[in-house]
Amino acid sequence: MNIISLQIEIFILIFVGYVLSKFQVIDIRLRKGLSNLVLKVVLPASIIQSLFVVI
């Protein structure tokens, strides 16, 4: 997995969250929880994973 694909995954997560929020599929409380999950788990994990990518 290269760095670009990691970035694409993050942008897909952001886009899906935006669309679900726009169509009111998720409420504010769930949106805040998912935002915290992405900021505290997914982003740090992807940064750590990117350190092990061979360039």
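Residues numbered from 1 in each chain as written. Predicted model: local features only at pLDDT ≥ 70, side-chain atom pairs only at ≥ 80, totals over all residues. Heavy atoms only, no water.

### Some thoughts on helix H2 (residues 28-51)
The first and last C-alpha atoms of H2 sit 34 Å apart over 24 residues, in line with the 34 Å expected at 1.5 Å per residue. Along its length, H2 shows its largest kink, about 35°, at valine 38. (Helix = DSSP H or I, 4+ residues; strand = E, 2+ residues; numbered from the N terminus. Expected span 1.5 Å × (residues − 1). Bend = angle between axes of the 7 residues up to and from the residue.)

### A short note on the environment of leucine 13
The residue leucine 13 is located in helix H1 (residues 3-22) in this model. The exposure class of leucine 13 is partly exposed, given its relative accessible area of 45%. C-alpha separation for the pair leucine 13 and valine 38, spaced 25 residues apart in sequence, amounts to 8.6 Å. (Buried < 20%, exposed > 50% of the residue type's maximum accessible area, 1.4 Å probe, protein only.)

### Let's talk about the packing of H1 against H2
Between H1 and H2, whose axes approach to 11 Å, the crossing angle comes to 175°. When the axis of H1 is compared with that of H2, the two are roughly antiparallel. In contact with Ile3, Leu6, Ile10, Leu13 and Ser21 of H1, H2 contributes Arg31, Val42, Leu43, Ser46, Gln49 and Ser50. Residue classes in the contact of H1 with H2 are distributed as six nonpolar, four polar and one charged. (Axes fitted to C-alpha atoms, helices over the stretch in contact; angles between N-to-C directions. Parallel < 35°, antiparallel > 145°, perpendicular 65-115°, else oblique. Contact = heavy atoms within 4.5 Å. Nonpolar A, V, L, I, M, F, W, Y, C, P; charged D, E, K, R; others polar.)

### Focus: a nonpolar patch on the surface
A cluster of nonpolar residues, Ile4, Ile8, Ile12, Phe15, Val16, Tyr18, Leu20, Phe23 and Val25, forms a patch on the protein surface that exposes about 950 Å² of accessible area. Topologically, phenylalanine 23 is positioned in the loop between H1 and H2. Owing to a relative accessible area of 63%, phenylalanine 23 belongs among the exposed residues under this scheme. (Patch = residues over 30% accessible without salt bridge, like charges linked within 9 Å, V, L, I, M, F, W, Y side chains within 5 Å. Areas by Shrake-Rupley, 256 points an atom, 1.4 Å probe, with all protein chains shown as cover. Salt bridge = Lys/Arg side-chain N within 4 Å of Asp/Glu carboxyl O.)

### Thoughts on the environment of isoleucine 47
Note that isoleucine 47 resides in helix H2. You can call isoleucine 47 exposed: its relative accessible area is 53%. Counting along the chain gives 14 residues from isoleucine 47 to glycine 33, while the straight-line C-alpha distance between them is 21 Å.

Everything listed here is a matter of coordinates, which is why it stays silent on function.
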